[in-house]
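Structure at a glance
These are the residues of each chain, in order.
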Amino acid sequence: MPVVLSLLFYQDTSPYRGPLSFLACLRDHGFTQEMFALIKPVQLIALSALSDDILLIHKRYALLELAQNTFSWDLTHLAPKVFELFERYSLDIEKRKFLLYYLAK
């Protein structure tokens, strides 16, 4: 079976100040606790609080993280990092096109 990773991104110009526990963000803790009983607790990560160096060690996910964290970037700063990651990690051409289109938008 394929691995499924749940990702939740917060995008805003101001830093995220909410809880970093996914369950703490939900109203019905009892139901969600039962629903997630078989897996480890899902933690939220505030990308804007992480340095560029930390994001870049996340391999392929670094591309997604950088793209989601564009409020603090200008494309002249972001583009070299994206192309460096393209060279470092294989990603098919359609995904590269989609990511570049998303960033340009």
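Read on for an overview of the structure. Every chain begins its residue count from 1, and numbering advances along the sequence as written. In keeping with the predicted nature of the model, local features appear solely for residues at pLDDT of at least 70, side-chain atom pairs appear and are counted solely at 80 or more, and the whole-chain, interface and lining totals rest on all residues. Each side-chain value is worked out from all heavy atoms of the structure, with water and hydrogens disregarded.

**Focus: the overall build of the protein chain**
- Per the convention used, a helix needs a DSSP run of H or I reaching at least four residues, while a strand needs a run of E reaching at least two, with both numbered from the N terminus. Counting its secondary structure elements, the protein chain contains five helices and zero strands.
- Think of it in three bands: residues with accessible area under 20% of the maximum for their type are buried, residues over 50% are exposed, and the middle band is partly exposed, with areas taken using a 1.4 Å probe on protein chains only. Looking at the protein chain as a whole, 22% of its 105 residues qualify as buried.
- Only heavy atoms enter the contact rule, under which two residues are in contact if any of them lie within 4.5 Å. Sequence separation of 24 or more characterises 44% of the internal contacts of the protein chain that already satisfy a separation of 6 or more.

**Brief notes about the packing of aromatic side chains**
- Two rings from Phe, Tyr or Trp (for Trp, the six-membered ring) form a pair when their centres sit within 6.5 Å of each other. Planes less than 30 degrees apart are called stacked, planes more than 60 degrees apart edge-to-face, and all others tilted. If you walk through the whole model with that rule in mind, you get one aromatic pair.
- Ring geometry for Phe83 against Phe86: centres 5.6 Å apart, planes inclined by 85 degrees, an arrangement best described as edge-to-face. Here Phe86 and Phe83 lie together in helix H4 (residues 75-88), a separation of three residues that amounts to about one turn.

**Notes on helix H3 (residues 60-68)**
- Burial in H3 covers these residues: Ala62, Leu63, Glu65, Leu66, Ala67 and Gln68.
- On the buried face of H3, the contacting elements are helix H2 (52-56), H4 and helix H5 (93-104).

**Points about the side chain of Glu65**
- Within the element layout of this structure, Glu65 appears in helix H3.
- Under this rule, positive means Lys or Arg and negative means Asp or Glu; His and the chain ends count for nothing. Every case where a carboxyl oxygen of Asp or Glu lies within 4 Å of a side-chain nitrogen of Lys or Arg is listed as a salt bridge. Despite its burial, Glu65 remains without a salt bridge, the nearest opposite charge being carried by Arg88 at 11 Å.
- In terms of polar contacts, Glu65 uses its side chain to reach the side chain of His58, at 2.7 Å.
- Excluding anything up to four places from it in sequence, Glu65 contacts Phe9, Leu47, Leu55 and His58. Polar contacts, as counted here, are pairs of nitrogen or oxygen atoms within 3.5 Å of one another; within protein the pair requires one atom able to donate a hydrogen and one able to accept it, and residues that are adjacent in sequence qualify only if both atoms are side-chain atoms.

**Section: the environment of Leu99**
- Following the sequence through the fold, Leu99 ends up in helix H5.
- Taking C-alpha positions, Leu99 is 8.2 Å from Leu64, a pair spaced 35 residues apart along the chain.
- Look past the residues within four positions of Leu99 in its chain and what remains in contact with it is Leu63, Ala67, Val82 and Phe86.

**Some remarks on H4**
- End to end, H4 covers 19 Å across 14 residues, agreeing with the expected 20 Å (1.5 Å per residue, within 8%).
- Those residues of H4 that are buried lie in contact with H2, H3 and H5. One fewer than the residue count of a helix, multiplied by 1.5 Å, yields its expected span.

**Details of the environment of Ser21**
- For Ser21, the location among the structural elements is in the segment before helix H1 (29-35).
- Distance in space between the C-alpha atoms of Ser21 and Leu44 is 5.9 Å, their sequence separation being 23 residues.

**Quick word on the packing of H3 against H4**
- The axes are straight lines fitted to the C-alpha atoms, using for helices just the contacting stretch, and the angles between their N-to-C directions are given from 0 to 180°. Following both chains from N to C, one finds H3 and H4 inclined at 160 degrees, their axes separated by 9 Å at the closest point. As summarised for this structure, H3 and H4 are arranged roughly antiparallel, according to the angle between their axes. Between H3 and H4 lies a crossing of left-handed hand. For the pair formed by H3 and H4, the contact residues are Ala62, Leu63 and Leu66 on the first element and Leu78, Lys81, Val82, Leu85 and Phe86 on the second.
- Each residue gets one label: Ala, Val, Leu, Ile, Met, Phe, Trp, Tyr, Cys and Pro are nonpolar, Asp, Glu, Lys and Arg are charged, and the others, such as Gly, are polar. A breakdown of the residues in the contact of H3 with H4 according to their chemical character gives seven nonpolar, no polar and one charged. Note on angle classes: values under 35 degrees are labelled roughly parallel, values over 145 roughly antiparallel, values of 65 to 115 roughly perpendicular, and the remainder oblique. Note on convention: the crossing is left-handed when the near helix lies turned anticlockwise from the far helix by less than a right angle, right-handed when the turn is clockwise.

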